[in-house]
Amino acid sequence: MTNLGRQVRREALAGAMVAAACSLLGAGLPLMLSALLPGLPFVSVSLTVLLLGILGVLLALSISGSPLIWASALMSGGVVMTFVGVKLRLVG
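Here is a short report on the structure shown in this document.

Rules and cut-offs
- Residues numbered from 1 in each chain as written.
- Predicted model: local features only at pLDDT ≥ 70, side-chain atom pairs only at ≥ 80, totals over all residues.
- Heavy atoms only, no water.
- Helix = DSSP H or I, 4+ residues; strand = E, 2+ residues; numbered from the N terminus.
- Buried < 20%, exposed > 50% of the residue type's maximum accessible area, 1.4 Å probe, protein only.
- Contact = heavy atoms within 4.5 Å.
- Areas by Shrake-Rupley, 256 points an atom, 1.4 Å probe, with all protein chains shown as cover.
- Axes fitted to C-alpha atoms, helices over the stretch in contact; angles between N-to-C directions.
- Parallel < 35°, antiparallel > 145°, perpendicular 65-115°, else oblique.
- Left-handed = near helix turned anticlockwise from the far one by under 90°.
- Nonpolar A, V, L, I, M, F, W, Y, C, P; charged D, E, K, R; others polar.
- Patch = residues over 30% accessible without salt bridge, like charges linked within 9 Å, V, L, I, M, F, W, Y side chains within 5 Å.
- Salt bridge = Lys/Arg side-chain N within 4 Å of Asp/Glu carboxyl O.

### A short note on the overall build of the chain
Step number 1: A count of helices and strands for the chain gives three helices and zero strands.
Step number 2: Order of helices (α) and strands (β) in the chain, N terminus to C terminus: α-α-α.
Step number 3: In terms of its C-alpha atoms, the chain occupies a principal-axis envelope of roughly 55 × 30 × 20 Å.
Step number 4: Across the 92 residues in the chain, those meeting the buried criterion constitute 12%.
Step number 5: Relative to all contacts within the chain whose residues are 6 or more apart in sequence, the contacts with residues 24 or more apart total 21%.
Step number 6: When the accessible surface of the chain is split by element, carbon and sulfur atoms take 77% of a total near 6800 Å².

### Brief notes about the packing of helix 1 (residues 3-36) against helix 2 (residues 41-62)
Step number 1: Following both chains from N to C, one finds helix 1 and helix 2 inclined at 165°, their axes separated by 8 Å at the closest point. The pairing of helix 1 with helix 2 is recorded here as roughly antiparallel in orientation. Along this stretch, helix 1 crosses helix 2, giving a crossing that reads as right-handed. Each of Cys-22, Leu-25, Gly-26, Leu-29, Pro-30, Leu-33 and Ser-34 in helix 1 lies in contact with helix 2, whose residues at this interface are Val-43, Ser-44, Leu-47, Thr-48, Leu-51 and Leu-55.
Step number 2: By residue class, the composition of the contact of helix 1 with helix 2 is nine nonpolar, four polar and no charged.

### Section: a nonpolar patch on the surface
Step number 1: Residues Val-80, Met-81, Phe-83, Val-84, Leu-88 and Leu-90 make up a contiguous nonpolar surface patch of about 650 Å² in total accessible area.
Step number 2: Residue placement: Val-84 occurs in helix 3 (residues 67-87).

What follows is the structure in structure tokens.
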């Protein structure tokens, strides 16, 4: 394998690891928090929206985009999806 091939493989592996860690943290932290505090659903929803904002900032920095726009877009999407879930009675 050439040097370029090894470099591409390392970069792809690093990207996959970051994506896996973000997915695990993004899904796992709110679930663990809601399991620990079952009477306070707004806390886990707030944490989820906050994590979406952090993810937006990190994504923006990785592609040289605007952190404010990315964070706002992802957080707004999280709020809208929460509202839809409440209206459909999927979320308590």
